[in-house]
Amino acid sequence: MAKVFIKTYGCQMNERDSEQVGASLVARGHVLTPEENEADVILYNTCSVRDMAEQKALARMGNVVHRKRESGRGERIVLGFLGCMAQSRGEDLFKTMPELDLVVGTQKFHRVADHIEALLKARELKRICDTEEELDSQNTIRDHLSVQKAAPCAFVSIMQGCNMNCTYCIVPFTRGGERGRPIPEIVAEVGGLAARGVRDVTLLGQIVNLYGRHEFPERDGKSPFVQLLEAVHGVEGIDRIRFTSPHPIGFREDLIGCYGRLAKLCEHVHLPVQSGSNRILKAMHRAYTRERYLTLIANIRERVPDVAVTGDIIVGFPGETEEDFEETRSLAREVDFDNVYVFRYSPRKDTPASEMAEQVEESVKERRNQVLLADLKEIALRKSRGLVGQEVEILVDGPSKTNPDRLSGRTRKNQLVVFDGGSPRHIGQIMRVRINETTGYTLYGQADILND
Ligand code: 5AD
Ligand code: SF4
């Protein structure tokens with residue numbers, strides 16, 4: 001039995017993949033520990049979307065290697081990189097870090113337990129690198145960690161990979177082509193989660209709305225993704241359904257029509273736009289225009305006037321001028337985003353954008369990042385101040401991360417609410433909370449106990 005520490009970098013897909021690795025280890029009698037210093041096995045599930053995420057993971061593992069040498073128990077600790085950086089760098093990681101034992105790519109998470117056991121059994125067996133492609137690997141991300149009291153929210157991976165080839169993005173290299181899981185398997189997984197008390201599921205993929213387009217047929221004018229939403233909607237015990245991330249391409253009428261029609265589908269859409277400049281969108285290989293994006297948002301709002309809209313934006317893409325950036329700022333204002341993840345463009349190896357002339361200077365990227373964040377904060381503050389004095393409905397998900405004496409939960413629009421007046425028995429329940437303060441992205445309030 002080994003004590004295993006897993007740290008996850010990057011997106012929700014990675015969180016989900018780490019959970020799968022954790023569940024497969026626990027199923028074999030190993031234990032997960034939050035204490036890195038006590039672990040026999042240290043695994044970092046890595047992200048390659050930006051260089052900074054890779055550097056962070058490398059630097060942290062560098063420190064572990066150092067401690068490992070000093071501590072004298074070095075030889076007995078297994079160190080591994082999993083996921084995107086493991087996939088893209090492969091064997092090279094052993095050259096950078098000779099003390100490393102394990103490198104496992106994005107299609108081999110289900111093999112991690114075997115590899116760890118082999119390494120623990122035969123310490124002379126140094127170094128396993130497993131980064132091959134595996135047909136059907138999308139179907140291996142399906143187990144969840146069962147904790148004493150199940151958290152009310154869960155992620156469900158519905159597909160892997162992406163075929164879009166946006167010119168800045170490394171994901172098609174690290175995660176391969178699009179591959180969807182069959183609807184009945186996903187529904188069975190969601191059913192199992194509901195039986196354990198989960199009420200809120202988020203369907204995960206790189207481009208979820210294009211789910212199944214290569215594998216499963218349209219039916220009655222409905223895309224496989226819409227068919228999947230309908231099927232998940234039928235699972236008893238689930239109250240809220242979300243998905244992330246869709247692509248503006250393929251966000252068609254059948255999907256827009258799900259809002260309002262499928263009562264469990266939350267009033268929140270996370271729709272990455274990347275830029276407000278048509279010139280830059282084209283260079284990014286994003287096959288839509290600013291106008292089309294705005295029309296799409298307007299169409300969704302026609303169905304659900306109060307829908308929360310969030311997105312991703314990249315600043316400082318090669319060739320981005322001040323005018324292009326101003327177009328992005330004006331788009332953000334026009335959309336009236338509830339929140340946006342802003343990324344400074346980071347050149348990624350072997351992607352077309354990294355070879356484009358006119359790379360933007362870091363100082364310019366940083367300034368644009370700050371300017372856009374300030375714009376977005378202003379929008380968020382205006383919107384959330386409108387909620388002060390009002391009651392919102394939240395699903396309580398646990399103690400607040402910043403203050404464990406309070407609880408926190410999320411509205412259907414995915415707003416984070418930290419509140420007083422609740423107790424641990426409320427975790428997993430839907431409650432009404434009166435909002436009395438906001439910092440822009442977090443709301444603070446008091447639970448309405450009469451509702452208890
Ligand atoms: N540089 C900066 N941001 C990136 N993203 C993807 N690739 C890069 C890159 N090379 C951002 C996009 C995407 C999000 C997950 O990460 O905005 O939607
Ligand atoms: Fe990357 Fe574009 Fe695919 Fe998203 S849609 S994962 S940004 S290539």
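None of the values given here were measured: they were computed from a predicted structure.

Scoring rules and cut-offs
Residues numbered from 1 in each chain as written. Chains lettered and ligands numbered in written order. Predicted model: local features only at pLDDT ≥ 70, side-chain atom pairs only at ≥ 80, totals over all residues. Heavy atoms only, no water. Helix = DSSP H or I, 4+ residues; strand = E, 2+ residues; numbered from the N terminus. Contact = heavy atoms within 4.5 Å. Near = heavy atom within 4 Å. Nonpolar A, V, L, I, M, F, W, Y, C, P; charged D, E, K, R; others polar. Pairing = 2+ DSSP bridges. Axes fitted to C-alpha atoms, helices over the stretch in contact; angles between N-to-C directions. Salt bridge = Lys/Arg side-chain N within 4 Å of Asp/Glu carboxyl O. Buried < 20%, exposed > 50% of the residue type's maximum accessible area, 1.4 Å probe, protein only. Phe/Tyr/Trp six-rings, centres within 6.5 Å; stacked < 30°, edge-to-face > 60°. Lys NZ or Arg CZ within 6 Å of the ring centre and 35° of its normal. Disulfide = S-S within 2.5 Å. Parallel < 35°, antiparallel > 145°, perpendicular 65-115°, else oblique. Left-handed = near helix turned anticlockwise from the far one by under 90°.

Peer 1: Can you help me understand the side chain of R329 in this one?
Peer 2: Tracing the sequence through the fold places R329 in helix 13 (residues 322–335). Once residues lying within four places of it in the same chain are set aside, the contact partners of R329 are V371, L372 and D375.

Peer 1: Sorry, what's going on with the site of ligand 2 here?
Peer 2: Taken together, C162, M164, N165, C166, Y168, C169, V171, P172, Q206, I207, H247 and R286 form the complete shell of residues around ligand 2. Across the shell around ligand 2, the residue classes break down as eight nonpolar, three polar and one charged.

Peer 1: Is there a simple way to think about the sheet that holds strand 13 (residues 308–315) in this case?
Peer 2: Sheet strands associate in pairs through backbone hydrogen bonding, adopting either a parallel or an antiparallel arrangement. Sheet architecture is open: three strands sit in the order 12-13-14, paired in parallel fashion. The open sheet has two edge strands, strand 12 (268–270) and strand 14 (339–344), and neither has a second partner. Averaged over all adjacent pairs, the angle separating strand axes in this sheet is 10 degrees, with direction ignored. Contacts from helix 14 (residues 362–385) reach strand 13 and strand 14, with the element oriented near 175 degrees to strand 14.

Peer 1: Please explain the sheet that holds strand 2 (residues 31–32) as it appears in this structure.
Peer 2: Strand order in the open sheet made by the six strands is 2-1-3-4-5-6, with parallel pairing throughout. Each edge of the sheet is formed by a strand with only one pairing partner; in this case those strands are strand 2 and strand 6 (128–130). Contacting strand 3 (41–46), strand 4 (78–82), strand 5 (102–104) and strand 6, helix 5 (residues 112–121) runs over the sheet at an angle of about 170 degrees to strand 5.

Peer 1: Teacher, can you tell me more about the pattern of salt bridges here?
Peer 2: Two side chains bearing opposite charge may form a pair once their charged atoms approach each other closely. Using the criterion set out here, one finds 42 salt bridges in the structure. Here E218 and R252 are joined by a salt bridge, their closest N and O atoms 2.8 Å apart. With E218 in the loop between strand 10 (200–204) and helix 8 (224–233) and R252 in the loop between strand 11 (240–244) and helix 9 (253–256), the pair connects residues that are 34 residues apart, well separated along the chain. With relative accessibility at 45%, the residue E218 sits in the partly exposed group. The network of salt bridges with shared partners includes R16, E19, R181 and E189.

Peer 1: Got a minute to help me understand the packing of aromatic side chains in this structure?
Peer 2: Here a ring pair, both rings aromatic, is described through the centre-centre distance and the interplanar angle of the planes. The final tally for this structure, using the stated rule, is seven aromatic pairs. Taken together, a centroid distance of 5.9 Å and an interplanar angle of 40 degrees make the contact between Y211 and F216 tilted. The class for F216 is partly exposed, based on a relative accessible area of 27%. Ring geometry for F225 against F243: centres 5.0 Å apart, planes inclined by 85 degrees, an arrangement best described as edge-to-face. A residue pair is termed long-range when its members are at least 10 positions apart, and F225 in helix 8 and F243 in strand 11 qualify at 18 residues. Like F243, F225 is buried. Cluster of aromatic residues (ring-pair linked, three or more members): Y9, Y44 and F81. Across the ring face of Y9, the terminal group of K7 is positioned such that the distance to the ring centre comes to 4.9 Å.

Peer 1: What is the right way to read the state of the cysteines from this model?
Peer 2: A disulfide bridge is the covalent bond that connects two cysteines by way of their sulfur atoms. Per the counting criterion, the structure on display carries zero disulfides. Lacking any disulfide linkage, C84 is separated from the closest cysteine sulfur, that of C47, by 6.3 Å. A relative accessible area of 7% means that C84 is categorised as buried.

Peer 1: Whenever I open this one, the packing of helix 13 against helix 14 confuses me. Can you help?
Peer 2: The description of two packed helices rests on the angle between their axes and on the distance between the axes. Closest axis-to-axis distance for the helix 13/helix 14 pair is 10 Å, and the angle between their directions is 20 degrees. With respect to each other, helix 13 and helix 14 are oriented roughly parallel. By crossing handedness, the relation of helix 13 to helix 14 is classed as right-handed. From helix 13, E322, F325, T328, R329, A332 and R333 reach across to helix 14, where they touch V364, R367, R368, V371, L372, D375, L376 and I379. Broken down by class, the residue content of the contact of helix 13 with helix 14 amounts to seven nonpolar, one polar and six charged.

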